[in-house]
Amino acid sequence: MAKIKTSFFCQSCGHQSPQWVGKCSSCGEWNTYVEEVIEKNTSLGIGSDKVPFSSNRDKRVVKPQLINEIKHIKEDRIELSDKELNRVLGGGVVPGSLILFGGEPGIGKSTLLLQTALKQPNLKVLYVSGEESEQQISMRAERIGKKDVNCYVLTETSTANIFIQLGEIQPDLLIIDSIQTLHSPLIESSPGSVSQIRECTAELLKFAKETATPVFLIGHITKEGALAGPKILEHMVDAVLQFEGDRNHLYRLLRTTKNRFGSTNELGIYEMTSSGLREVENPSEILITGNTENLSGISIASTIEGIRPMLIEVQALVSTAAYGTPQRSSTGFDLRRMNMLLAVLEKRCGFKLGTKDVFLNIAGGIKVDDPAIDLAVVCAVMSSNADIPIDSKISLAAEVGLSGEIRPVNRIDQRINEAQKLGFEKIIISKSSTGIKAEQYDIKVIKCGKIEDVVRSIFG
Ligand code: TYD
Ligand code: MG
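About the cut-offs
- Residues numbered from 1 in each chain as written.
- Chains lettered and ligands numbered in written order.
- Predicted model: local features only at pLDDT ≥ 70, side-chain atom pairs only at ≥ 80, totals over all residues.
- Heavy atoms only, no water.
- Pairing = 2+ DSSP bridges.
- Helix = DSSP H or I, 4+ residues; strand = E, 2+ residues; numbered from the N terminus.
- Axes fitted to C-alpha atoms, helices over the stretch in contact; angles between N-to-C directions.
- Contact = heavy atoms within 4.5 Å.
- Phe/Tyr/Trp six-rings, centres within 6.5 Å; stacked < 30°, edge-to-face > 60°.
- Buried < 20%, exposed > 50% of the residue type's maximum accessible area, 1.4 Å probe, protein only.
- Parallel < 35°, antiparallel > 145°, perpendicular 65-115°, else oblique.
- Nonpolar A, V, L, I, M, F, W, Y, C, P; charged D, E, K, R; others polar.
- Salt bridge = Lys/Arg side-chain N within 4 Å of Asp/Glu carboxyl O.
- Near = heavy atom within 4 Å.
- Polar contact = N/O pair within 3.5 Å; in protein donor to acceptor, adjacent residues only side chain to side chain.
- Areas by Shrake-Rupley, 256 points an atom, 1.4 Å probe, with all protein chains shown as cover.
- Domains from an automatic or database assignment.
- Buried area = accessible area lost by both parts, 1.4 Å probe.

(A) Local environment of the sheet that holds strand β13 (residues 298-305). Strands sit in the order β15-β16-β14-β13-β17-β20-β21 across an open sheet of 7 strands; the sheet is mixed. In this open sheet, the two edge strands, each paired with only one partner strand, are β15 (328-331) and β21 (444-448). Averaged over neighbouring strand pairs, the angle between their axes works out to 25° when direction is ignored. Contacting β15 and β16 (356-362), helix α8 (residues 335-349) runs over the sheet at an angle of about 125° to β15.

(B) Representation of the packing of aromatic side chains in the model. Taken as a whole and judged by the stated rule, the model has 3 aromatic pairs. Pairing Phe-101 with Phe-243 gives two aromatic rings, centres 5.8 Å apart and planes at 45°, and the pair type is tilted. You can see Phe-101 sitting in strand β4 (residues 98-103) and its partner Phe-243 sitting in strand β9 (residues 239-244), a full 142 residues away along the chain. Using a relative accessible area of 0% as the deciding quantity, one classes Phe-101 as buried. Linked through ring pairs, Phe-101, Phe-243 and Tyr-270 together constitute an aromatic cluster.

(C) Quick look at the packing of helix α2 (residues 109-118) against helix α3 (residues 134-144). Packing of α2 against α3 brings their axes to within 10 Å, and their N-to-C directions diverge by 70°. By the angle between their directions, the pair α2 and α3 is classed as roughly perpendicular. Taking contact as the criterion, the partners of Ser-110, Thr-111, Leu-114, Gln-115 and Leu-118 in α2 are, on α3, Ile-137, Arg-140, Ala-141 and Ile-144. Partitioning the contact of α2 with α3 into residue classes produces 5 nonpolar, 3 polar and 1 charged.

(D) Layout of the pattern of salt bridges. Following the criterion strictly, the structure yields 15 salt bridges and no others. Glu-210 is the partner of Lys-206 in a salt bridge, and the nearest nitrogen-oxygen pair spans 3.2 Å. Pair noted here: Lys-206 and Glu-210 are both in helix α5 (residues 194-211), with a separation of 4 residues, about one helical turn. Residue classification places Lys-206 among the partly exposed positions, given a relative accessible area of 25%. You can call Glu-210 partly exposed: its relative accessible area is 25%. Between Arg-456 and Asp-453 there is a salt bridge, with its nearest N and O atoms 3.8 Å apart. Residue Arg-456 and its partner Asp-453 are located together in helix α11 (residues 451-459), separated by 3 residues, close to a single helical turn. Here the salt bridges do not stand alone but share partners, grouping Arg-337, Asp-374, Glu-399, Glu-405 and Arg-407 into one network.

(E) Inspection of the sheet that holds strand β10 (residues 251-259) at higher detail. Strand order in the open sheet made by the 9 strands is β6-β5-β7-β8-β4-β9-β10-β11-β12, with mixed pairing throughout. In this open sheet, the two edge strands, each paired with only one partner strand, are β6 (151-155) and β12 (276-279). Recorded for the sheet is a direction-independent mean angle of 25° between the axes of neighbouring strands. With 6 bridges joining them, β9 and β10 adopt antiparallel strand pairing. Residue Gln-242 lies in a different strand from β10, and its bridge partner there is Arg-255. Strands β5 (125-129), β6 and β12 of the sheet are contacted by α3, whose axis makes an angle of about 150° with β6. Where α5 meets the sheet, its contacts fall on β4, β7 (173-177) and β8 (215-220), and the angle it forms with β8 comes to roughly 160°.

(F) Here's a closer look at the site of ligand 1. Neighbouring residues of ligand 1: 15 residues in total, closest Gly-106, Ser-110, Thr-111, Thr-273 and Gly-276. Within the contact set of ligand 1, an oxygen atom lies 2.7 Å away from a backbone nitrogen or oxygen of Gly-106. Contact with the protein chains removes 74% of the 560 Å² of surface that ligand 1 exposes when unbound. If you tally residues by element for the shell around ligand 1, the top one is α2, at 3 residues. Taken together, the residues of the shell around ligand 1 break down into 3 nonpolar, 8 polar and 4 charged.

(G) Summary view of the domain arrangement of the chain. With domains assigned, the chain is organised as domain 1 (6-39), domain 2 (81-281) and domain 3 (287-459). If you average the C-alpha positions of domain 2 and of domain 3, the two centres end up 38 Å apart. Buried surface at the junction of domain 2 and domain 3, summed over both partners, amounts to about 830 Å²; 54% is from carbon and sulfur atoms. Seen at the junction of domain 2 and domain 3, the total is 0 salt bridges. Here the side of domain 2 that touches domain 3 is built from residues that sort into 5 nonpolar, 3 polar and 5 charged.

Structure below.
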């Protein structure tokens, strides 16, 4: 009997070593090496070098081409019925692309992709599940609601069998739920191990490129929030989408961390309902509670996520510290930045916040790193500290500098227009914002140079 060939793999970065080592020389992690069988079972005759795609579609002839002579493939994108997904992918799915879809358990990955599959009457979709039975998937489909659909379901985990079915069905779109449950018969190690994930992804990548079929791979994420499996997985795929949000909140955010065919700044927003995920087209409406009149500690910021302007509510609570050390806590906003803004308020405006607890919250479970939200944070803190509400028709969009100066932010025109569209009466921006004529808007544009000016125009 042939000797079984094994090797050790770092479960964190995928680095290979002939013997066990305590510390990975590649990523520096400790105790991550696991022995895996790597002997390829070539007697099956379907090594990943010769996978039998019995596709009658033209295989691409690979030859060097002059870059100017390459035809634009921009028009080739497949538009999905899900507008948010299209936007996040950069305007539809590129044929032959391999897209990794990560997220915590129970966040709605399977729901979103099954829903996408069910709403494509003109595309033949194959949904391969290694996690749920046909009955479970069918029940979920009932819940989401299906019309005349062209969606096949396959519960299989062996890539060899999946490729046989792919050859027969020849789908226009393939969904794999999830990559960690697949196993390739060419490799002996168990599903979910580094070498299996790498091999299965390589086989699917080859399939995607050779048949120009887009493939969605669902991937689990680890406790630390990284995609489970080696980092190399992220290098292999064309796009990495992350589905995030608090399971206890209704809203889910879809972000790209890598996209070879579009920008990584795009953001998709969904709401989890009893019948699947609903696309949220106008996020501002859900992120502002509306009935906040006469409540102190609330301000509205006009921010931009990706290329989408939206208005969000910033809430602050300032109270006398009950214990010796004042508490500072922030949800959805960088804590260090909040501390810096508090120091600015203390030094430049004379607010005594050193003995106060300060809590900050961005409504809707959203995380923001747009600097334009600074002014709203500062105003919410001032409002709560003085217990004076801010007029709910005022929105804010500016960065605050270390000396208390109000700094301009990008795409101010879009921010003003969004605030105007949502019926705000005033927007406070930086004095140094260029290219803005206050007269061209119906909304009153107030330009401020220093925090003191803002205080005067808000609190009188
Ligand atoms: P699921 O797609 O199974 O999550 P994942 O594949 O990321 O692990 O989604 C699971 C949650 O979504 C589950 O807790 C129930 C909820 N859900 C709804 O609220 N409404 C629905 O219509 C569906 C299908 C699921
Ligand atoms: Mg799932």
